[in-house]
Amino acid sequence: MNFGQYFLKNLAIAAAVVGILTIAAPAASAFNTVIIDAGHGGHDRGADHSLVYEKHLNLDVARRLERALTGLGYKVVMIRRDDRFVPLDKRAAIANRYRNAVFVSIHFNSSWKGQVTGIETFYKSATGRTLATHIQGELMRSIRTENRGVKTANFVVLKKTRHPAVLVEGGFVSNRTERNAMMDPRYRQAVVDGIVRGLMKYDRRR
Ligand SMILES: [Zn+2]
């Protein structure tokens, strides 16, 4: 075999290997750590209506999510675990200390139009989009409401976090029906169940 044939043979092998890897690798990644970001906190209430504060809903969902994921064997990092303000840059900086992680920011929505309802999931990066798609899909299986879809956004925590990152808006505090639903722990647990199933679909080890 002359050099040309040798080169072509190896090129063919390399191409075959790349082809196999491309087919074998799904659009998902392996991670062992979930960074949970309960939105707002302290002086920053987030959305509020009729004494229902978004910051409290976010923290409750974050704690429930921590419990569920720890039970499944994931390592969990909580950006906050009490009612305190953490600047957005700091949230991303904390997240970036970890490896093999995904980042999930928990929020509830608000609109000046009281009739607006539904759940939506934001992302910035391509990996974030895949994760957002899984989570949004599973949230829609958990909760019967309008599917507002997955959307891209330049939120600081999505932009500055170097992990697949999503921001979940789990319903509208400004809508009376959804606000009443959020007051029920079963609704908040349903949000958690959807996020957990979405994360597990994204985790290619499972
Ligand atoms: Zn918020």
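Everything that follows concerns the structure shown earlier in this document.
A quick note: this is a predicted structure, and the numbers were derived from the prediction, not measured.

Section: the coordination of the zinc ion
A four-donor tetrahedral metal ideally has 109.5 degree angles, and a six-donor octahedral metal ideally has angles of 90 or 180 degrees. Within the protein, His40 (NE2), Glu54 (OE), Glu54 (OE) and His107 (ND1) serve as the donor atoms for the zinc ion, at 2.1 to 2.8 Å. Note that the zinc ion binds 4 donor atoms; their angles at the metal cover 51 to 140°, and the shape is irregular. Positions of the donor residues of the zinc ion along the chain correspond to the pattern H-x13-E-x52-H. Taken as a pair, Glu54 in helix α2 (residues 54-71) and His107 in strand β5 (residues 101-109) lie far apart in primary sequence, 53 residues in all.

What about the environment of Ala93?
Examined against the element boundaries, Ala93 turns out to sit in helix α3 (residues 88-95). Sequence-wise, Ala93 and Arg162 are 69 residues apart; in three dimensions their C-alpha atoms are separated by 9.3 Å.

Some points on the pairing of strand β7 (residues 147-152)
Pairing analysis gives 5 bridges linking strand β6 (residues 119-123) to β7, with the strands arranged parallel. Looking across to β7, one finds that Thr121 is bridged to Val150. This β-α-β element, β6 to helix α4 (residues 126-142) to β7, shows right-handed connectivity.

Describing unusual backbone geometry
The residue His40 is not glycine, and still its phi comes out positive at about 60°. On the secondary structure map, His40 appears in the loop between β1 (33-38) and β2 (48-49). Even without being glycine, Asn100 reaches a positive phi, approximately 50°. Note on placement: Asn100 falls in the loop between α3 and β5.

Considerations on the pattern of salt bridges
Counted according to the given criterion, the structure contains 14 salt bridges. A salt bridge links Asp48 to Arg45, with the nearest nitrogen and oxygen atoms 3.4 Å apart. Residue class for Asp48 comes out partly exposed when judged on its relative accessible area of 36%. Among the charged side chains, a salt-bridge network with shared partners connects Glu138, Arg141, Arg197 and Lys201.

Reading guide: rules and limits
- Throughout this document, residue positions are counted from 1 along each chain, in the order its sequence is written.
- Restriction of local features to residues with pLDDT of at least 70 applies here, the model being predicted, together with a cutoff of 80 or more for giving and counting side-chain atom pairs; totals for whole chains, interfaces and linings are based on all residues.
- Calculated side-chain values reflect all of the structure's heavy atoms, with hydrogen atoms and water omitted.
- Nitrogen, oxygen and sulfur within 2.8 Å of a metal are treated as its donors, or within 3.2 Å for sodium, potassium and calcium (Na, K, Ca); water is not counted, so a site can appear incomplete.
- Labels for metal geometry use angle windows, namely 85 to 135 degrees for all angles of a four-donor tetrahedral site, and for square planar (four donors) or octahedral (six donors) sites opposite donors over 155 degrees apart plus all others within 65 to 115; sites meeting none of these are irregular.
- Numbering goes from the N terminus for both helices and strands, where a helix is a DSSP run of H or I of at least four residues and a strand is a run of E of at least two.
- For two strands to count as paired, DSSP must find a minimum of two bridges between them.
- With the strands pointing away from the viewer, any crossover whose connection runs clockwise from the first strand over the helix to the second is right-handed.
- Salt bridge criterion: a side-chain nitrogen from Lys or Arg within 4 Å of a carboxyl oxygen from Asp or Glu.
- Burial here depends on accessible area, computed with a 1.4 Å probe over protein chains only, as a share of the maximum for the residue type. Under 20% is buried, over 50% is exposed, and the range in between is partly exposed.

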